Amino acid sequence: MLTVGVLASGRGSNFQSIIDNIKSGYINAKIAVLITDNPKAYAIERARNNNIETLVLIPKNFPDRDSYYRHLADELKKRGVELVILAGFMRVVGKPLIDAFREKIMNIHPALLPSFPGLHGQRQALDYGVKIAGCTVHFVDEGVDTGPIIIQSAVPAYEDDTEDTLSERILKEEHGIFPLAVKLFAEGRIKVKGRKVFIESQREEAVITNPPHQKFSR
Ligand code: GAR
């Protein structure tokens, strides 16, 4: 069974979706530890409710960035973690952790990468005026949201959307694709070749347009 470690900074709804999908049997894995950089993160409550060990590790208590991420890597390795999940971890991960878990760190980002990396992906998409928004699960490399893309999901962006309404629509998709990516990893169905991710026995034809073109009258 796959051993997972979760890093989260806040609300932790993605963390919860992983917990729920493990509990239901959809994902064959166990969560060894939650690590948070924020002592006020609601994710801590979720871990407590599910008997998941929690470590609160704050970067400013470490001499420098590298030693912080080296410490995180050690704590994860110590617990036999094989996959690290960034569930709303609001920091750019440092090299010592990436080196220790090459192509074994997954992040969820609330935009269709490579568009709108970094913070506030949903707001960036709205400000740009896109018609299709969405979310991306990707492996983490040294860049900001630049690693190989595993799964993406698209949602329409409406003219009267606010950051909140769009974020809510995207979040529902996050809670679908993140557990799916972890499931596929746990089943050994994900292969990475350079920038490209190959998922065994997977080919989807669906596409989303906004407005839906089949409903458009001329
Ligand atoms: C999610 O929307 C996630 O995609 C985003 O933060 C939110 C965390 O929500 N992550 C990023 O923006 C990373 N750059 P959650 O704490 O409820 O899972």
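Nothing here was measured: the structure is a model prediction, and the numbers come from that model.

### A few points about the overall build of the protein
Logical step 1: Along the backbone of the protein there are six helices and nine strands.
Logical step 2: Its C-alpha radius of gyration of 18 Å places the protein within 12% of the 17 Å reference for a compact globule of 218 residues.
Logical step 3: Projected onto its principal axes, the C-alpha coordinates of the protein cover approximately 60 × 35 × 35 Å.
Logical step 4: Residue pairs in contact within the protein that sit at least 24 positions apart in sequence constitute 65% of those at least 6 positions apart.
Logical step 5: Carbon together with sulfur atoms contributes 51% to the accessible area of the protein, which is approximately 11700 Å² in total.
Logical step 6: In the protein, 29 positive and 27 negative side-chain charges are present, and the distance between their average locations comes to 3 Å.

### Describing the sheet that holds strand β2 (residues 29-36)
Backbone hydrogen bonds are what pair the strands of a sheet, in a parallel or an antiparallel way.
Logical step 1: Taken together, seven strands build an open sheet; the order of strands is β3-β2-β1-β4-β5-β6-β7 and the sheet is mixed. Each end of this open sheet is capped by a strand with a single partner; those strands are β3 (54-56) and β7 (149-156). The mean inter-strand angle of the sheet, taken between neighbouring strand axes irrespective of direction, is 20°.
Logical step 2: Two elements, strand β1 (residues 2-8) and β2, share seven bridges in a ladder whose sense is parallel. Each residue of the ladder has a partner; that of G5, found in β2, is V33.
Logical step 3: With respect to the sheet, helix α6 (residues 163-186) is in contact with β1, β4 (83-86), β5 (105-109), β6 (132-139) and β7, its orientation differing from that of β7 by roughly 155°.

### Structural notes on the packing of helix α1 (residues 13-23) against α6
Logical step 1: Closest axis-to-axis distance for the α1/α6 pair is 9 Å, and the angle between their directions is 50°. Viewed along their axes, α1 and α6 adopt a mutual orientation that is oblique. Here α1 and α6 pass one another in a crossing that is right-handed. Contacts from S13, N14, S17, I18 and N21 of α1 reach α6 at L171, E174, H175, F178, P179 and V182.
Logical step 2: Each residue belonging to the contact of α1 with α6 can be placed in one class, and the counts come to five nonpolar, five polar and one charged.

### Observations concerning the site of the ligand
Logical step 1: Surrounding the ligand, one finds 13 residues, the nearest of these being R11, G12, S13, N14 and E174.
Logical step 2: Measuring from an oxygen atom of the ligand, one finds a side-chain N or O atom of R11 at 2.6 Å.
Logical step 3: Between the ligand and the protein, one listed contact pairs an oxygen atom with a side-chain N or O atom of S13 at 2.6 Å.
Logical step 4: Against a free-state accessible area of 450 Å², the protein chains account for coverage of 90% of the ligand.

### Notes on the pairing of β5
Logical step 1: Extensive coverage of β5 is indicated by the burial of five of its five residues.
Logical step 2: Across the two faces of β5 the burial is the same, with I105, N107 and H109 and M106 and I108 all buried.
Logical step 3: Pairing analysis gives three bridges linking β4 to β5, with the strands arranged parallel. Residue pairing across strands places V84 opposite I105, the latter belonging to β5.
Logical step 4: Note that the unit made of β4, helix α4 (residues 95-100) and β5 has a crossover that is right-handed.
Logical step 5: The sheet contact formed by β5 and β6 spans four bridges and is antiparallel. Opposite M106, over in β6, you have F139 as the bridge partner.

### Quick word on the pattern of salt bridges
Logical step 1: Tallied over the full model, the rule gives 14 salt bridges.
Logical step 2: Among the salt bridges present, the one from R79 reaches E75, with a minimum N-O distance of 2.7 Å.
Logical step 3: Judged by relative accessible area, which is 9%, E75 ranks as buried.
Logical step 4: The residue D99 makes a salt bridge to K95 at a minimum N-O spacing of 3.2 Å. Of this pair, D99 and K95 both sit in helix α4, four residues apart, roughly one helical turn.
Logical step 5: The class of K95 is partly exposed, set by a relative accessible area of 44%.
Logical step 6: Salt bridges here are not isolated pairs; linked through shared partners, they connect E53, E75, K78 and R79.

What counts and how
- Residues numbered from 1 in each chain as written.
- Predicted model: local features only at pLDDT ≥ 70, side-chain atom pairs only at ≥ 80, totals over all residues.
- Heavy atoms only, no water.
- Helix = DSSP H or I, 4+ residues; strand = E, 2+ residues; numbered from the N terminus.
- Rg over C-alpha atoms; globule rule 2.2 N^0.38 Å.
- Contact = heavy atoms within 4.5 Å.
- Areas by Shrake-Rupley, 256 points an atom, 1.4 Å probe, with all protein chains shown as cover.
- Lys, Arg positive; Asp, Glu negative; His and termini not counted.
- Charge placed at Lys NZ, Arg CZ, Asp CG, Glu CD.
- Pairing = 2+ DSSP bridges.
- Axes fitted to C-alpha atoms, helices over the stretch in contact; angles between N-to-C directions.
- Parallel < 35°, antiparallel > 145°, perpendicular 65-115°, else oblique.
- Left-handed = near helix turned anticlockwise from the far one by under 90°.
- Nonpolar A, V, L, I, M, F, W, Y, C, P; charged D, E, K, R; others polar.
- Near = heavy atom within 4 Å.
- Polar contact = N/O pair within 3.5 Å; in protein donor to acceptor, adjacent residues only side chain to side chain.
- Buried < 20%, exposed > 50% of the residue type's maximum accessible area, 1.4 Å probe, protein only.
- Right-handed = clockwise from strand over helix to strand, strands pointing away.
- Salt bridge = Lys/Arg side-chain N within 4 Å of Asp/Glu carboxyl O.

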